[in-house]
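# Coordinate inspection notes
In case you want the letters, here they are:
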Amino acid sequence: MIPLDELVLFSGLLFSLGIFGVLTRRNFIMLLISIEIMMNSAILNFIAFAAYSPAGNSLLEVSGQGIAVVLIGLAATEVALGLAIVLALNRIIGSVDVADAMQLKL
Amino acid sequence: MSLDEILFALLAGTSLVTAVLALLAREIVHTIMWIAILFVSLGLIYFLLEAPFLGVLQLAVYAGAVTILLLFAIMVVKKRIFSREAVTGIGITSVLLSVATALLLAGNALSLPYNAAGRTYPTPILSQSLFLDFGAWVIILGFVVLSALVGAVYLAKESRGRPIRAEGE
Amino acid sequence: MSFDIPSIAQYTPEATVFIGVILVFMLDVAGIRSRAIIGGATSIFLLLAFLQVLADLGSWPLQGLSTLPAGLLGTQNGPVIFTNFGLIFQGIFLLSALLVALASVSEADGEEVPTFYALLSLAALGMLFVAISADLIFLLLSVEITGIATYVMVGYTRKDRRAVEAAMKFYIIGALSTAISFFGASLLYGAYGTTSLTAFRALPANSSLALVGFGMVAVGLGFKATLVPFHMWAVDVYDGAPASVSAFLAAGSKKMGLFGIFIVFVAAVRIFASAQGFALYLALGALAVITMTVGNVMALEQTTMKRMLAYSSIAQAGYMLLGIAIDTPAALAGATLQITADVLMKAGAFIVVGAAVGLGVGPLITDWRGVGHSRPGIGASFAIMLLSLAGMPLTLGFVGKFYLFFAAVEAGGYFTLLAIAGLLNSALSVFYYARILRYMYMPESTGSATAGAHPLSHSSLGVGNAPAAPAWGSVRDEIRGTGSARWATVVGIALLLLVLGIYPTPLIGAMNSAAQQFLTLGL
Amino acid sequence: MVDYFWYAFLVPLSTAIGFVVLGLGGTFFKKGGGFIAVIAEGAALVFGVFFAYQESLSSTLYHDTSFVWFALPDGTSFVMGTLVSPLGALMLLVVNIVGFLVVLYSMEYMAHEEGLPRYFAEMMLFLTAMNGLVLADNYLEFILMWELVGLCSYLLIGFFWKKPEAASAAKKAFLVTRVGDVLLFVGVFIFFTSLGGIVNPSITTSPYPGQVCSSAGINWACAGFTFAPPNADSNVVFLSANSVASVTAQDPNLMTLAGLLILGGAAGKSAQFPLHTWLPDAMEGPTTVSALIHAATMVAAGVFLLAITSIYIGFTPTAALVVLAIGGFTSLFAGTMGLVARDIKRVIAYSTMSQLGYMVMAVGAASLVAIGPGAAMFHLFTHAFFKALLFLSAGSIIHALGTQDLFAMGGLLRKMPVTGYTMLIGALALSGIPPFSGFFSKDGLLSLTWTAAQHYPGALVFFLMALVGVLLTALYIFRLWFLAFSGTEARESSAHPAHEPSWVMRAPLVTLAGLTLVAGFLPLLSGFSHLLPGVQWGAFGYASSGSGFTFSQTDLFLGLASLGLALTGLLTAYALWGNGRVFRLADESPLKGLHTVLVRKYYFDEAYDGLAHGGVLGIARAFDWFDRYVIDGTVHAFEDLFRIASERGRRIQTGLVSSYVSWVVFGLIVLVFFFLYALPYLTSAWGGG
């Protein structure tokens, strides 16, 4: 069995990589991908903690995996909506670069 | 080191490397490929964690659907699929911020209070509880999907008329 | 949690709103695009849900109509819990959606109408679920319903470049915050083995996991509540979005974030109060003070009305956060009061700004010169809203702020400093609200025409002006310009602010008991 | 306890109805609905006089707390109560008599102005707030009304909003009084936190050792301090016995601080020394507004506040002494400025500041010797009438001539006899010449201050200042009167021939003149003296102490000294600006020595200018400098600071979503770092729990 601290360390690193991506990339699709990586690290956490959760009643024990199922659905939904926004943005400014969408400022 | 741990080390290593490659790739289609590998290796890790249902779900939804969706979006918005773009934002600030996040989370992970033995959950119990114990979450997720659906259909639809240019443009 | 028929009855408000959504879909399929029909239907369903919530709260004269089973209040049932506090917030959320639905009936018809109202109702539905959640995942998912609906609402004028840009920014920061808060939730799950908020309260803070988890969830909810430094999207989004959507974001979605912070942190506060003492109050208090100060200072130099209102809305979030940062029943009741006031003030102000085009007023603050004279009804209503925002007595804004600061002083010690910071901030905010009032009622530029004349303008000059013509003509123009539904909403909000400001006793009574129950009974 | 006091809310309600009617539909009425304002204020006057009369008959207070405004979870509730007290009843008389006359006067005076409905609506709102203020039973309600009064003052000063001077004067008044208001809030907070919630109604005896309590209502300090009865709901009631009992258990330094902060609030509204600068500028408002708000009522609210708080101040001699000092100094200081003003309204405005200084001084003295603030309230009462009279007379001149420049006037007595003589009565009363009311009230408060100076020698300096002020008062007001009325014709040709106004404006003048004549004798009525706790009938050595009159040589001497000073001032003014024979014109033959007067006038004018430049004006300039650079400078520095911060902050808002993300991540890191490391550290540093 994989040690829990390694799992959490791994998911933390994955999360930080996601943040790195959000901070550095200007392409909207890349931002979506980075956020998906972050969501995946959260899902991984839930599954990992579910595997190691302390003894309790049965309802609580599996909830980590249940949450993970729901989160996968949520993340996919978010991507779909994000892509719709990409299309709308691309249609108007002809670009998916967020640096091209800077009219609102000051 | 057990087989599980070796496999995990391999998969985690693959995941991190592919994530870095995906985020640094200048060709967005390459990013999609790296990300697909990342999703697959994550799915395999779920199998290692005795969560086969989630592993399958990960492979189907992420490595399958989401990747294809992303590729599709690129095809729609880009005139050419292969087009290099600059990674513009790597500055000292962004690197510092992400390293700081990593350090905080890593420090946190290394001070975990317990490391109990693992346990397994058969898929039937999970599926049963999804509709009984966690029914509320699923219903709420349904509402999330509904509003995303309404919104995505609306936004993606070609609207009639020319774009409005804001004043000041 | 199982859904038998008796238990479904307790979800009457949610079901009513959802039936409204389905009706809108059916009208859409029937090819109806009229705002009067769709908006009217949505408003009716939101109103019914609102009345049902009032009945559940036992408000006069609806007290007999509650559909909540006896003994349900205050007991957790799976991921949901019904409390008076939550019910009050359900009312607040429905009110904000209702106001926006009513006011947007006056906008132009178009293909986007069904989508707009369906999403508005779905967003309201999400907020209703937030108000009854007793489980962190349930809470965050419900927040996500509203989040996703509002991302699209911001960009629903999809031909407007600024709106789509705003939607894009909102979406990115929103999705990022969602990811952060779910990561935090996973850590909390790891620390406690459960995601039940009531269970959080019962368990000790046994690890740094919980600390980090609470911090990350605070980021995700703080984004919705526009706390500094998670506020930067708000200004651009409120600016770029259609004004009615900005009204909904400022009045509804923000309050949802604050409510989320309340119910998550009331657990955190209780846990840490024993283990960590005072420091968590310090963090929350500092966050509140920073938020209000940044909001107020930044509002000072804004040139466009919407951005000014956006910063003022950020500042208001700071005041409301004081409710949990002080953590007494009085403070929580004061924050709820302030939230109620802010729903009316901010929704009203953004609706007025949305009507500006119809009134022939531009987006700049200076464009409002003389509006108080030329548009008496809207001008007076807007003035009341601004006075209420500034916390002038006899308005609901004053009652909320006074109550909140009073609670801080009463809590004593360090909390007195929070009250002083709040008072100083209110004093600062008067500057920019007064500036608008001055433009509206004292357009100084016209002074140059008579500046050369002798200071004593009256008999010595012989220019006895006849009293101005009766104002009904300009009121009629004004209603035509804004649309009757929007005009009525704005005037109604202003009257409500005054009436509740002069006689807030029933409101306060309800909030006091709810806050007390919330802090002592359980979630 | 008489039941009909329950209806005391009718007084503010009458004008509130007037406000609503005029505010909503003022434009539909002819002449801006002036008659509606007169009717509404007339009703308020009838109710006000009725309740004041009932209060003077009964020797009890009426206190109603049935209307709970809102309640806190811990049981503290805020009550919008009604308190009919002696001082409040007196104020009801002042506010409504002057208010009614001024509203009546406005009907003609303001008839040709633009925005008349707005004017009357704002006047109604002001009167509502002022009546509410005097009937308030706790500090919270008081502050609400106080703020509303300030708002109306701001609106009315800026009534001619097209005039930049008026707009800036309104802003200045708003800002300066705001400073005072903030001090007041803090003071009240201190009272609340240190006195709130303590209920011990059994203590009704005097806390001053050795004080003999004769009869209730006369020696107010001995009346058991039941100015407001104890009230468990409303924690910040005025002066209830329980509060006083707990004052003695308080930290004296804290109480001194609270007293000084309250003084700050009063100084802001009553234009006392450091916060006085707004009042002269406020003369940019219509003259009627100056008469009602900036002479008789609102500025008096500061004195009223000090009076109702005087019992708290009395526990800390330091605070009382400071109150006395501020008042005494202002009375002299404002008088010197009054000497140099050219604008007729500004002269009266300085005189208002000076007279308010006397009242503040008297409150301080009353606190020091631990008797009721009746002397100050008596002067407030008489001053309201003669000052309103002076303003309305000045308004009559301005209405006729269209100028406010004193040196453009002259010889008006023949053309405007009613205005001239009524203004003369006002001037005589202001100077303190018997039998006009000002003599009695000023004499009373001077003798009180003298008594205080016996116990606290430090007060002597300010007593002397006030005494010199008496001389100056007579000097500047008669300078004004002589310049305006003596002679036979105007020094400059005026665009409008001077004429007497119609009865609508004359009636208030004559009524006020009549009141000025009789007001001084009112304390002889035993009922009325009940409204003036602690007042001394100081005329020529006779002091009334409720039961009878006692004679004192000190009082006789003081009365004579003050009268002598006033006469000296009058005669000096006459020698400088009038002519002996010209002055006699008023009595005998109005036809002599015009040429001489003109020459003499110019001569003294220049001499006076030289003197002013050298001396008085120098002092005035120093204060102007202080006002402009220190007070305004501080305000501007803050404004600039925030503006720069705001400008800098705008640059962070780049519009690039990635930078927003950076801030979110930054916030995340700070928050998590705090939770992970700072929180445990702070906990160990401060200790848990």
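About the thresholds
Residues numbered from 1 in each chain as written. Chains lettered and ligands numbered in written order. Predicted model: local features only at pLDDT ≥ 70, side-chain atom pairs only at ≥ 80, totals over all residues. Heavy atoms only, no water. Helix = DSSP H or I, 4+ residues; strand = E, 2+ residues; numbered from the N terminus. Buried < 20%, exposed > 50% of the residue type's maximum accessible area, 1.4 Å probe, protein only. Areas by Shrake-Rupley, 256 points an atom, 1.4 Å probe, with all protein chains shown as cover. Contact = heavy atoms within 4.5 Å. Buried area = accessible area lost by both parts, 1.4 Å probe. Salt bridge = Lys/Arg side-chain N within 4 Å of Asp/Glu carboxyl O. Polar contact = N/O pair within 3.5 Å; in protein donor to acceptor, adjacent residues only side chain to side chain. Nonpolar A, V, L, I, M, F, W, Y, C, P; charged D, E, K, R; others polar. Axes fitted to C-alpha atoms, helices over the stretch in contact; angles between N-to-C directions. Parallel < 35°, antiparallel > 145°, perpendicular 65-115°, else oblique. Left-handed = near helix turned anticlockwise from the far one by under 90°. Patch = residues over 30% accessible without salt bridge, like charges linked within 9 Å, V, L, I, M, F, W, Y side chains within 5 Å. Expected span 1.5 Å × (residues − 1). Phe/Tyr/Trp six-rings, centres within 6.5 Å; stacked < 30°, edge-to-face > 60°. Lys NZ or Arg CZ within 6 Å of the ring centre and 35° of its normal. Core = buried A, V, L, I, M, F, W, Y, C linked by side-chain atoms within 4.5 Å. Domains from an automatic or database assignment. pLDDT = per-residue confidence, 0-100.

### Looking at the overall build of chain D
- Along chain D, the regular secondary structure elements total 25 helices and 6 strands.
- Out of the 689 residues belonging to chain D, those deemed buried represent 63%.
- Total accessible area on chain D stands at roughly 23600 Å², and carbon and sulfur atoms take up 68% of it.

### Description of the overall build of chain B
- A count of helical and extended segments in chain B gives 6 helices and 0 strands.
- Along chain B, helices (α) and strands (β) appear in the sequence α-α-α-α-α-α when read from the amino end.
- Going through the 169 residues of chain B one by one, you find that 44% of them count as buried.
- Excluding contacts between residues fewer than 6 apart, the proportion of contacts in chain B whose partners are at least 24 apart in sequence is 61%.
- Accessible surface computed for chain B: about 8500 Å², of which carbon and sulfur atoms make up 72%.

### Some thoughts on the environment of Phe129(C)
- Along the chain, Phe129(C) falls in helix α5 (residues 113-131).
- In sequence terms Phe129(C) and Ala331(C) are 202 residues apart; their C-alpha atoms lie 24 Å from each other.
- Ignoring any residue separated from it by four or fewer positions in sequence, one finds Phe129(C) in contact with Ile140(B), Phe143(B), Glu14(C), Phe138(C), Ser142(C) and Ile145(C).

### Overview of the interface of chain B and chain A
- Taken together, the contact between chain B and chain A spans 82 residues of the former and 73 residues of the latter.
- Summed over both sides, the interface of chain B with chain A buries roughly 7100 Å², with 76% coming from carbon and sulfur.
- Linking chain B to chain A there are 0 salt bridges.
- Where chain B meets chain A, there are 8 residue pairs in polar contact (both at pLDDT 80 or more).
- Counting residues per element, the ones that place at least two in the side of chain B that touches chain A are α1 (3-24), α2 (28-48), α3 (52-77), α4 (92-109), α5 (123-131) and α6 (135-156) of chain B.
- No other element matches the 13 residues that α3(B) contributes to the side of chain B that touches chain A.
- Here the side of chain B that touches chain A is composed, by residue class, of 58 nonpolar, 13 polar and 11 charged.

### Here we look at the packing of helix α2 (residues 12-29) of chain C against α5(C)
Residue and element names in this part refer to chain C.
- The N-to-C vectors of α2 and α5 enclose an angle of 165 degrees; their axes lie 9 Å apart at closest approach. It follows that α2 is roughly antiparallel to α5 by the angle criterion. Like other packed secondary-structure pairs, α2 and α5 cross with a definite hand, here left-handed. Residue-level inspection shows Pro13, Glu14, Val17, Phe18, Val21, Val24, Phe25 and Asp28 of α2 in contact with α5, the latter providing Pro114, Tyr117, Ala118, Ser121, Leu122, Leu125, Leu128 and Phe129.

### Observations concerning a nonpolar patch on the surface
- The grouping of Tyr4(D), Trp6(D), Tyr7(D), Phe9(D), Leu13(D), Ile17(D), Val21(D) and Phe50(D) at the surface amounts to a nonpolar patch, some 710 Å² of accessible area in total.
- Per element, the largest residue contribution to the nonpolar patch is 3 residues, and it comes from helix α1 (residues 10-25) of chain D.

### So, helix α12 (residues 317-340) of chain D
- Between the first and last C-alpha of α12(D) there are 35 Å, a value that for 24 residues agrees with the 34 Å anticipated at 1.5 Å per step.
- Counting buried residues in α12(D) gives 17 out of 24 residues, a clear majority hidden from the surface.

### Details of the packing of aromatic side chains
- Inspection of the entire model under this criterion finds 51 aromatic pairs over all chains.
- Consider the rings of Phe129(C) and Phe138(C), whose centres lie 6.0 Å apart with planes at 90 degrees: the pair is edge-to-face. A single burial state applies to Phe129(C) and to Phe138(C), both of which are buried.
- With a centroid separation of 6.0 Å and 40 degrees between ring planes, the pair formed by Phe170(C) and Phe223(C) is classed as tilted. Residue Phe170(C) is located in helix α7 (residues 161-192), and its partner Phe223(C) is located in helix α9 (residues 208-224); the two are separated by 53 residues in the primary sequence.
- The exposure class of Phe170(C) is buried, given its relative accessible area of 0%.
- Feature note: the residues Phe28(A), Tyr151(C), Phe170(C), Tyr171(C), Phe223(C), Trp233(C), Tyr238(C) and Phe350(C) constitute an aromatic cluster, connected by ring pairs.
- The aromatic ring of Phe116(C) is capped on one face by Arg35(C), whose charged end is 5.6 Å from the ring centroid.
- Stacked on the ring of Tyr439(C), the Lys or Arg Arg438(C) has its end atom at 5.8 Å from the ring centre.

### Thoughts on the environment of Gly135(B)
- Within the secondary structure, Gly135(B) is located in helix α6.
- Aside from chain neighbours lying at most four places away, what touches Gly135(B) is Ser129(B) and Leu130(B).

### Notes on the pattern of salt bridges
Residue and element names in this part refer to chain C.
- Counting across every chain of the model gives 15 salt bridges over all chains.
- A salt bridge links aspartate 236 to lysine 169; its shortest N-O distance comes to 2.9 Å. Here lysine 169 lies in helix α7 and aspartate 236 lies in helix α10 (residues 232-240), a separation of 67 residues in the sequence. A single burial state applies to aspartate 236 and to lysine 169, both of which are buried.
- Between aspartate 342 and lysine 255 there is a salt bridge whose closest N-O contact spans 2.8 Å.

### Digging into the nonpolar core
- Grouped together as the largest cluster of nonpolar side chains are 332 residues, with contacts concentrated most on Phe28(A), Leu136(C), Met216(C), Phe265(C) and Phe382(C).
- Formed jointly, this core draws a minimum of three residues from each of two domains, domain 1 (1-109) and domain 2 (122-160) of chain B.
- Counting 195 residues, the second largest nonpolar core, distinct from the first, contains Leu292(D), Ile371(D), Val504(D) and Leu570(D).

### Some thoughts on unusual backbone geometry
- With omega at 5 degrees, the peptide bond leading from Val228(C) into Pro229(C) counts as cis.
- Note that Pro229(C) resides in the loop between α9 and α10.
- Even without being a glycine, Glu50(B) presents a positive backbone phi close to 60 degrees.
- Relative to the helices and strands, Glu50(B) resides in the loop between α2 and α3.
- A residue is classified by how much of its surface remains accessible, and Glu50(B), at 34% relative accessible area, is partly exposed.
- Its identity is not glycine, yet Thr226(C) carries a phi of approximately 55 degrees, on the positive side.

### Concerning the confidence of the model for chain B
- Chain-level statistics for chain B give a pLDDT mean of 81 and a share of 79% at 70 or above.
- Contacts of residues 165-169 of chain B to residues separated by more than four positions or lying in other chains number 7 contacts, the stretch itself having pLDDT below 50.

### Regarding the side chain of Glu284(D)
- Its place among the elements puts Glu284(D) in the loop between α9 (278-281) and α10 (287-296).
- Apart from the residues lying within four places of it in its own chain, the contact partners of Glu284(D) are Ile157(D), Phe160(D), Lys163(D), Glu165(D), Ala166(D), Ala169(D) and Arg346(D).

### Quick look at the confidence of the model for chain D
All names here are of chain D.
- Within chain D, residue pLDDT values average 74, and 73% of them lie at 70 or more.
- Between the elements of chain D, mean pLDDT differs from a low of 38, seen in helix α22 (residues 580-585), to a high of 88, seen in helix α16 (residues 417-431).
- Contacts from residues 196-243, a stretch scored under 50 in pLDDT, to residues over four places away or in other chains number 117 contacts.
- For this predicted complex, the interface score ipTM comes out at 0.90, alongside a pTM of 0.74.

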